[in-house]
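# Examining the three-dimensional arrangement
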Amino acid sequence: MAVTINQDNLTDVTQSGLTIVDFWAPWCGPCKMMEPALESLEKTYGDQIQFAKMNVDNNQAVAESFKIMSIPALVLFKDGKAIEKVTGYYPEAKLAKYLEKKISENEPK
């Protein structure tokens, strides 16, 4: 189950390894469509990448700090630093390819 993130625990949750943070809102249709894909991907890749969610309605300042202008938006963190952002709905297969690429790029050489 994805970790719920807020302003208070964002640093702790993202400080080590790869973390993908889903910026979403309960009223967002594409966010609801992407939720089952993220849950499925977490089962597959959860041992290699941590999954987290942040409700933008409750954390507007944090969303603004990452320049989240539209949702859903996924921000990839590596060792506490935001390294990449993708915005919009992605089907599960496309997200899986993205995650596989990011995991392989960040494996120790």
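Refer to the structure presented above.
Residues numbered from 1 in each chain as written. Predicted model: local features only at pLDDT ≥ 70, side-chain atom pairs only at ≥ 80, totals over all residues. Heavy atoms only, no water.

Evaluated as defined, the whole model comprises 1 disulfide. There is a disulfide in this structure between Cys28 and Cys31, and the S-S distance comes to 2.4 Å. Residues Cys28 and Cys31 are joined through a disulfide that is right-handed, its torsion about the S-S bond being 80 degrees. The exposure class of Cys28 is buried, given its relative accessible area of 4%. (Disulfide = S-S within 2.5 Å. Buried < 20%, exposed > 50% of the residue type's maximum accessible area, 1.4 Å probe, protein only.)

So, about the side chain of Lys102. Note on placement: Lys102 falls in helix 4 (residues 92–105). The exposure class of Lys102 is buried, given its relative accessible area of 7%. If sequence neighbours within four positions are ignored, Lys102 has contacts with Leu18, Leu76 and Glu84. (Helix = DSSP H or I, 4+ residues; strand = E, 2+ residues; numbered from the N terminus. Contact = heavy atoms within 4.5 Å.)

A rise of 1.5 Å per residue sets the reference length of helix 2 (residues 29–45), with its 17 residues, at 24 Å; its end C-alpha atoms lie 25 Å apart and thus fit the reference within 8%. Along its length, helix 2 shows its largest kink, about 30 degrees, at Glu35, and proline Pro36 lies within four residues downstream of that point. Three or more residues of helix 2 are buried, namely Cys31, Met34, Ala37, Leu38, Leu41, Glu42 and Tyr45. The elements touched by buried residues of helix 2 are strand 2 (18–24), strand 3 (50–55), strand 4 (73–78) and helix 4. (Expected span 1.5 Å × (residues − 1). Bend = angle between axes of the 7 residues up to and from the residue.)

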